[in-house]
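Letter by letter, the chains look like this.
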Amino acid sequence: MKQVGKINIGVLASGSGTNLQAIIDAAEAGRIDAEVRVVISDVAKAYALARARKAGIPAVFVERNMFSSRREFEGAITAVLNEHGVELVCLAGFMRIIGKALLDAFPNRIINIHPALLPSFPGLHAQKQALEHGVKIAGCTVHVVDVETDHGPIISQAAVEVKEGDTPDTLADRILREEHRIYPEAIQLFAHGRLRIEGRRVYITNHESRNGGFE
Ligand code: GAR
């Protein structure tokens, strides 16, 4: 049963799941009006699944190789999300391109966190790309997912200074700390219905809409 006043989230993760943990912790502490209803991974051994189980959240492995097309794979993921009453899908280190099937099932209801100040450095190894480009300011972005990878309307961003001697790992660690802050904040804005999308712009409104989600 959906708790009154809370939005039901499904998290998709392929890796260690520190962003997932930040969301779980924020939800448990009452800092966001959201409940993680299910965690899905395409990687059987992803630590994100263990984190979910530890928190008493259903953890589901959906194996890509079991399906002959992305559409079918996403159909299976959609079925799990629907089974758990998910209203907002949060990608948290989910290392697969999102296709039309999932986008159509959750229009404007899939958000992603990316470890770069988009539109710079989309795709893999964003922190390494940033260092190799020589930027002085790196960061992270929460955005609405659309058909293009790491591309949709931007909800929020945080900047992180690049330090001399930074490696991709040290930079990634500092960016992650900001990710763990801005992702729950963005979820809270969504839960309170304070986001309005117009084209590429996401406006943060002062009034709350009753149903949560994008206006
Ligand atoms: C995070 O840095 C996230 O921004 C990134 O993967 C990491 C997952 O860490 N996502 C992408 O690069 C997606 N394009 P986590 O599993 O500890 O949350």
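Computed from a predicted model, the values in this text were never measured in an experiment. (Residues numbered from 1 in each chain as written. Predicted model: local features only at pLDDT ≥ 70, side-chain atom pairs only at ≥ 80, totals over all residues. Heavy atoms only, no water.)

Got a minute to help me understand the pattern of salt bridges in this structure?
Charged atoms that come close allow side chains of opposite charge to pair. Applying the stated rule across the entire model yields seven salt bridges. With its nearest N and O atoms 2.7 Å apart, the salt bridge here joins Lys100 to Asp104. Residue Lys100 and its partner Asp104 are both found in helix α4 (residues 100-105); the two are separated by four residues, about one turn of the helix. Overall, Asp104 belongs to the partly exposed group, its relative accessible area being 48%. For Arg174, the salt bridge identified is with Asp166, shortest N-O distance 2.7 Å. Take Asp166: its relative accessible area is 15%, and that puts it in the buried class. Bridged by salt links that share partners, the residues Glu178, Arg181 and Glu185 form one connected network. (Salt bridge = Lys/Arg side-chain N within 4 Å of Asp/Glu carboxyl O. Helix = DSSP H or I, 4+ residues; strand = E, 2+ residues; numbered from the N terminus. Buried < 20%, exposed > 50% of the residue type's maximum accessible area, 1.4 Å probe, protein only.)

For this particular structure, what's the right way to read the pairing of strand β6 (residues 137-144)?
Moving residue by residue along a regular strand, the side chains alternate between the two faces of the sheet. Most of β6 is tucked away: seven of the eight residues are buried. Of the strand pairs in this sheet, strand β5 (residues 110-114) and β6 are connected by four bridges, and their pairing is antiparallel. Within β6, the position partnered with Asn112 by the bridge is His143. In this sheet, strand β7 (residues 154-161) lies alongside β6 in antiparallel orientation, the contact comprising seven bridges. Its bridge partner being in β7, Thr141 is matched across the sheet by Gln157. (Pairing = 2+ DSSP bridges.)

Can you walk me through the nonpolar core in this structure?
It is characteristic of soluble globular proteins that their nonpolar side chains tend to be buried jointly. Among the nonpolar cores identified, the biggest contains 42 residues, and Ile155, Tyr183 and Ile187 are the most heavily contacted of them. Of all the elements, helix α6 (residues 168-191) adds the most residues to this core, at nine residues. Among all residues touching Ile187, those that are not within four sequence positions of it are Ile9, Ile23, Ile32, Ala34, Leu88, Cys90 and Ile111. Counting residues in hydrophobic clusters, the runner-up holds 19 residues, among them Leu12, Val62, Val80 and Phe94. (Core = buried A, V, L, I, M, F, W, Y, C linked by side-chain atoms within 4.5 Å. Contact = heavy atoms within 4.5 Å.)

What should I look at first to understand helix α1 (residues 18-28) in this one?
Along an α-helix, residues three or four positions apart point the same way, because every turn accommodates 3.6 residues. Asn19, Leu20, Ala22, Ile23, Ile24, Ala26 and Ala27 are the residues of α1 that are buried. Taken together, the buried residues of α1 touch β1 (7-12), β2 (34-41), α2 (47-54), β5 and α6. Backbone geometry just after α1 places Gly30 at a positive phi near 75 degrees.

What is the right way to read the packing of aromatic side chains from this model?
To describe a pair of aromatic rings, one takes the distance between the centres and the angle between the planes. For the structure on display, the rule yields two aromatic pairs. Ring geometry for Phe67 and Phe73: centres 6.1 Å apart, planes at 55 degrees, overall tilted. Its relative accessible area of 4% is what places Phe73 among the buried residues. Here Phe190 and Phe214 contribute two aromatic rings whose centre-to-centre distance is 4.9 Å and whose plane-to-plane angle is 85 degrees, an arrangement assigned as edge-to-face. Of the two residues, Phe190 sits in helix α6 while Phe214 sits in the segment after β9 (201-204), which places them 24 residues apart along the sequence. (Phe/Tyr/Trp six-rings, centres within 6.5 Å; stacked < 30°, edge-to-face > 60°.)

Would you explain the side chain of Asp42 in this entry?
In this structure, Asp42 sits in the loop between β2 and α2. Here Asp42 falls in the buried class, since its relative accessible area comes to 13%. One polar contact links Asp42 to Ser14, side chain to side chain, over a distance of 2.7 Å. Side-chain polar atoms of Asp42 contact the side chain of Arg96, separated by 2.7 Å. Apart from the residues within four sequence positions on either side, Asp42 is in contact with Ala13, Ser14, Phe61, Val62, Phe73, Phe94 and Arg96. (Polar contact = N/O pair within 3.5 Å; in protein donor to acceptor, adjacent residues only side chain to side chain.)

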